[in-house]
Amino acid sequence: MPFSRRAIMVAATALALMGCSKSDGAATPAGGDMFLGAEKAPVTLIEYASTTCPHCAHFHETVFPGLKTKYIDSDKVKFVFREFPTPPEAIAVAEFQLARCAGKDKYFSMLDTFFKEQRNIMTAAQSPTGAKPALVAIARQAGLSEQQFDTCIADSKTQQAILDTAKAGAEQFKITGTPTLILDGEVMNGETHPEAYTIDGLSKLIDAKLAKAGAK
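Residues numbered from 1 in each chain as written. Predicted model: local features only at pLDDT ≥ 70, side-chain atom pairs only at ≥ 80, totals over all residues. Heavy atoms only, no water.

**Regarding the state of the cysteines**
Two cysteines form a disulfide when their sulfur atoms are joined by a covalent bond.
At step 1: Evaluated as defined, the whole model comprises one disulfide.
At step 2: Here C101 connects covalently by a disulfide to C152, the sulfurs 2.2 Å from one another. The sign of the S-S torsion, about 105 degrees, decides the handedness of the disulfide formed by C101 and C152: right-handed. In this pair, C101 sits in helix α4 (residues 89-102) while C152 sits in helix α8 (residues 146-153), placing the two residues 51 residues apart along the sequence. Neither C101 nor C152 differs from the other in exposure class; each is buried. (Disulfide = S-S within 2.5 Å. Helix = DSSP H or I, 4+ residues; strand = E, 2+ residues; numbered from the N terminus. Buried < 20%, exposed > 50% of the residue type's maximum accessible area, 1.4 Å probe, protein only.)

Listed below in structure tokens is the structure:
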């Protein structure tokens, strides 16, 4: 789905309707790219994804574990995750904010939880209380109080940074759907490189890049 000004408006409006208010809690989001693996790994893999995207959840359930074990943990691949909110954008933005507020050491474990709980969160969002109680429960598991939750979600600067990251990705790489992988600068979406969305296919693509870089 193309990123647009509508996404910004929807996210801002719906987040306000979640009933979150500013407080004095101390939960400061970390800035910049979130990544796993060696910073100077021979190959870089960027994923643009959303915690509310079913295809992204499937990728992180079926492909990512093998990718992490085989390439990230062995310092062959630097894995960069870039936030690209998809409908419902408000929930995706809120989840990304919470993952950042939890800190760099908990960011990816928070993403993993949001992907695993995706269906439950979407179901909760349809209830009279909305998604907030479900998100607060996950935030508490990461050590954030409800006061810190409110402070985190009310941070418009981080919210805008997330939206700007998605907009920049859409403009630079012409992203129209998630997940979209960028392997050493080469766009590999589901149409051009469907093999990239299986661990066997992605392994072959990475191995070719490693061989080109002279890495084993």
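**So, unusual backbone geometry**
Glycine aside, residues mostly have negative phi, and peptide bonds are mostly found in the trans state.
At step 1: For the peptide bond that leads from P87 to P88, omega is -10 degrees, which places it in the cis range.
At step 2: Along the chain, P88 turns up in the loop between β3 (77-83) and α4.
At step 3: Of note, the amide linkage connecting T178 to P179 takes the cis form, showing an omega dihedral of 0 degrees.
At step 4: Residue placement: P179 occurs in the loop between α9 (156-173) and β4 (180-183).
At step 5: Here the phi dihedral of D184 falls at roughly 50 degrees; this positive angle occurs in a residue that is not glycine.
At step 6: Relative to the assigned elements, D184 resides in the loop between β4 and β5 (186-188).
At step 7: Take D184: its relative accessible area is 35%, and that puts it in the partly exposed class.

So yeah, pure geometry; function would need other evidence.
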